Amino acid sequence: MTRKTLFHVFIIAIITTSGFYYAKLRYIPALPLSHIAGETIEVRGVANSEAVPLDSESYQGVAAFSQRIEIRGPENLKELRLISNRVLFSDRMYHIKVQIPKDAYSLNPGSNHNLLSGYAVEIKDAGSNPNGFFKRLRTRLNDFMKRNFSSESSPFLMSIITGERSLLTKETRDAFNATGLAHILSISGAHFGLLLFILFRLFRFLVKALPYNMLVRLTLYLTPSQIAAILCIPFMIGYLGISDMSIPSIRSFIMITLFLFGLLIHRKGFWLNTLLFAAVVIILIQPDSILDLSFQLSFIAVLCIGMVAEQMDGRSAEQQGNRCDPQKVADFPGQKVAERLEQFKRFKLLPIALLRYCATALKISLAASIGTAPLVAYYFHYFSLVSPITNLIITPVIGFVILPLSLVSSFVFLASGVFPLSSFIDAITIFVLDAIKYTAQWNFADIKIPAFPPVLLVMFYLGILVYVFLTFHPSAYRLSSIAIPVGIAILPIVFYAGIKLSEHRGISITYLDVGQGDSAVVELPDKRTLVIDTGRKGFQTGGFLKYRGIKNIDAIILSHGQSDHAGGIFHLLRNFNIQEVWDNGRLIYPQGFVELLQREPCAPHAEKGSPLRIRKLQRGDVIEGSGYIITVLHPYDGFYTMHSKDSDGNNDSIVLRIQGHKNTFLFTGDIEKEAEEDLSHFGKYLKSNVLKVPHHGSRTSSSQVFVSAVSADIAVISVGRKNSYNHPHDEALDMLDGVKIFRTDKEGAIGIKELPDGRLRIKTWKDLQFTEAKTVRDELMNFKKLFLVW
């Protein structure tokens, strides 16, 4: 090893060590949600989004609003979603007392643990926001757009101009996701780049149009391009100021500023160095941004586009080298004839040039889509099949028409109070949004991707890094060496897919953490999916189904009508294709509920004219499938409760038994001792390996005769943390003595799967979480979790 190599290794080691030390100094551990759930905390912050009215909630008897609050203190909280009865302004600082609900978080695969929600107890104005000037401009623009543009186009225009995305409807977000256009909704390099392109060309044209004497004097010191670069800088700062100051915005601003600086000093920057410099600056300012999804998506997209552009530039330069020198052509005696022939050739080759442009745009679109696809699939569990086409057709319309016109008009409005071309912008925006939503309705627009182990993500991007190294080191670059990064990135995915396709499909049940409520997802051997109860709001169940790549639910089984078991059905109806709802025949649905289901499709891809079927279950019903039998044990038409206090229908809960290859699972809803006694005479037909404990472990359930009749090996209690009922009660736990108990308030989600040999594989949410490593064994356990998935 040479001295030069040793010196380089030493420098890299110093930089790496310094980086880890710097990150450790700057690291502030996040406040554990378990410490603040159910508590009242005090925060200081500013509004970071528009106030969104909540139709389904009221607060202190009046209409409720939801707003994102950027926390300025304490430091271990970054952001929260505040529900209050007043609108907060972005140019003011507030001291807020926030009541964090006891069920503010859930421990399920697929749940969002990043954004904390809370209810405002007290709000005090703490003066103006130090960044108030740009915030006021942003608020002024948002208010104008809300008042003067249609309700459909204004949220979209606000998202690409000011970065305000809170008013986008779920339908619009889902449509952009399905068509692979979600990146347009976040201000990033495309937005800054197009603004720079237009302003730079405009300013350079105006400079060249100056009177000759003035132009000569100016160009003694600066070129027209340098003058245009200087004039563009204030506009770039202004756009960053009125934007949401997100990581992609800051990254784009840094890269464009470096590009403009390169023009001023007559140096053409190297895109990869510029990209890495922008990453270093952002990480120095905010070290934990490297874990932010927008940071990862933004930089990976630019990296992949840069690599494709680098290859195309190399080929273009190679082709140019094989052509005649234009200067030699100009010196030819028949220069005029040659010029005419060249013009004719260019006109004739225009279709070919257009095809080349489309091919280039398609390559760049594919590069960005393929490069970010694993991250999108890992976090959002879908992959857009139409993304290359929509980015080829729709993105140019937005990028070269809607965005520049809206940006220029916005700057004119802030300067003069007049927003030119507003009617035209509104009309073309509505047309484009309708086209996107129409495309999103196609059944093949996107495919759902089940969760996969993190190690596949690591290997894919390791392969990209190896490819970057080989590309920019010609001495190491050989055609045969391409197999190395391709093998690193692709082979693990192919190998994993092969394992999953050949995997035995036994009954798999996940008991979800939905707080003080019930919800379980049953995945059957014939690939059917049942949801037994939905929890109070349905978000946790919906999140888990998306995590598993499931968009079709064969049946939702509502054990009874209490909101903690059935309240989430509306959320599932709006977001999934549901074939049937099974109930006990005693539920009273809200007025118009059945008619609504028969009139409209239940989910974005559901077909018109396919109404939802509601099916009544009662004792004796049997549903059979490949590898399973579902038997309904309760209720029946002749059953009536003796206790008037059971007005909530607990004893009318559906009780069903799912029998697999060698194991049985019993679901009991909220039945109490009266229903338990009625069931106990089933004897051996009630016996089950796994029992979902009735009524969250209440003392009014789990009688000795019932528990003995079931004789379960495993008991699952679905219960909320710090619940006001103090469930599970000691009396119920005593009855379950000798049974292995799992609780959703302690372990989070609980998954039980029947294996081919009849054994049950049990896992909990906590089993898959990385922990702070204090020993080598802890580190090895964390490494093992890279290969695990629910």
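Here is what the cut-offs are and how they apply
- Residues numbered from 1 in each chain as written.
- Predicted model: local features only at pLDDT ≥ 70, side-chain atom pairs only at ≥ 80, totals over all residues.
- Heavy atoms only, no water.
- Axes fitted to C-alpha atoms, helices over the stretch in contact; angles between N-to-C directions.
- Helix = DSSP H or I, 4+ residues; strand = E, 2+ residues; numbered from the N terminus.
- Parallel < 35°, antiparallel > 145°, perpendicular 65-115°, else oblique.
- Left-handed = near helix turned anticlockwise from the far one by under 90°.
- Contact = heavy atoms within 4.5 Å.
- Nonpolar A, V, L, I, M, F, W, Y, C, P; charged D, E, K, R; others polar.
- Salt bridge = Lys/Arg side-chain N within 4 Å of Asp/Glu carboxyl O.
- Buried < 20%, exposed > 50% of the residue type's maximum accessible area, 1.4 Å probe, protein only.
- pLDDT = per-residue confidence, 0-100.
- Pairing = 2+ DSSP bridges.
- Phe/Tyr/Trp six-rings, centres within 6.5 Å; stacked < 30°, edge-to-face > 60°.
- Lys NZ or Arg CZ within 6 Å of the ring centre and 35° of its normal.

Some details on the packing of helix H9 (residues 247-264) against helix H10 (residues 271-285)
1) Next: Axis separation between H9 and H10 bottoms out at 9 Å; the angle between their running directions is 130°. Judged by the angle between their axes, H9 and H10 are oblique. When you trace H9 past H10, the crossing you get is right-handed. Seen from H9, the contacting residues are Ile247, Ile250, Arg251, Ile254, Met255 and Leu258; seen from H10, they are Trp271, Thr274, Leu275, Phe277, Ala278, Val281 and Ile282.
2) Next: A per-class count over the contact of H9 with H10 returns eleven nonpolar, one polar and one charged.

Re the pattern of salt bridges
1) Next: Following the criterion strictly, the structure yields 21 salt bridges and no others.
2) Next: The salt bridge partner of Glu79 is Arg68, with a shortest N-O separation of 3.4 Å. With Glu79 in strand E4 (residues 79-84) and Arg68 in strand E3 (residues 62-73), the pair connects residues that are eleven residues apart, well separated along the chain.
3) Next: Note that Glu503 is salt-bridged to Lys500, the shortest N-O span being 3.1 Å.
4) Next: With relative accessibility at 35%, the residue Lys500 sits in the partly exposed group.
5) Next: Ionic contacts of the salt-bridge type, sharing partners, join the residues Lys97, Glu122 and Lys124 into one network.

Description of unusual backbone geometry
1) Next: Cis geometry marks the peptide bond from His634 to Pro635; its omega dihedral reads 0°.
2) Next: By secondary structure assignment, the location of Pro635 is in the loop between strand E16 (628-634) and strand E17 (655-659).
3) Next: Positive phi is not limited to glycine here, since His381 has a value of about 65°.
4) Next: Within the secondary structure, His381 is located in the loop between helix H14 (350-380) and strand E7 (382-384).

A closer look at the confidence of the model for the protein
1) Next: The share of residues in the protein with pLDDT of 70 or more is 84%, and the mean pLDDT across the chain is 82.
2) Next: Across residues 599-609, where pLDDT falls below 50, the model places 24 contacts with residues more than four positions away in sequence or in other chains.

Notes on the sheet that holds strand E19 (residues 690-692)
1) Next: Reading across from one edge, E15-E16-E17-E18-E19-E20-E21 is the order of the seven strands in this open sheet, with mixed pairing throughout. Only two strands of the sheet have a single partner each, and these edge strands are strand E15 (622-625) and strand E21 (740-743). When the angles between neighbouring strand axes are averaged without regard to direction, this sheet yields 15°.
2) Next: As judged from the five bridges shared by E16 and E17, these two strands associate in the antiparallel manner. In the strand pairing of E17, His634 is matched with Val655.

Here we look at the sheet that holds strand E11 (residues 529-534)
1) Next: Overall, mixed pairing links the eight strands, which are arranged E14-E13-E12-E11-E10-E9-E22-E23 in an open sheet. Each of the sheet's edge strands pairs with one partner strand only, and the pair in question is strand E14 (613-616) and strand E23 (760-764). On average, adjacent strands in this sheet sit at an angle of 20° to one another, irrespective of strand direction.
2) Next: With four bridges connecting them, strand E13 (residues 577-583) and E14 associate as parallel partners. Note that in E14 the partner of Val581 across the bridge is Ile614.
3) Next: Sitting on the sheet, helix H19 (residues 539-547) is in contact with strand E9 (508-511), strand E10 (519-523), E11 and strand E12 (552-557), with an inclination near 25° to E10.

Some words on the packing of aromatic side chains
1) Next: Counted under the stated rule, the structure contains 20 aromatic pairs.
2) Next: Taking 4.5 Å as the distance between ring centres and 40° as the angle between the ring planes, the aromatic pair formed by Phe295 and Phe299 counts as tilted. Of this pair, Phe295 and Phe299 both sit in helix H11 (residues 293-321), separated by four residues, roughly a single helical turn. By the burial criterion, Phe295 is buried, and Phe299 matches it.
3) Next: For the cation-ring pair, Arg140 lies above Phe413, with the distance from its terminal atom to the ring centre recorded as 4.8 Å.
4) Next: One residue, Arg721, lies across the ring of Tyr105, its end atom 4.5 Å from the ring centre.

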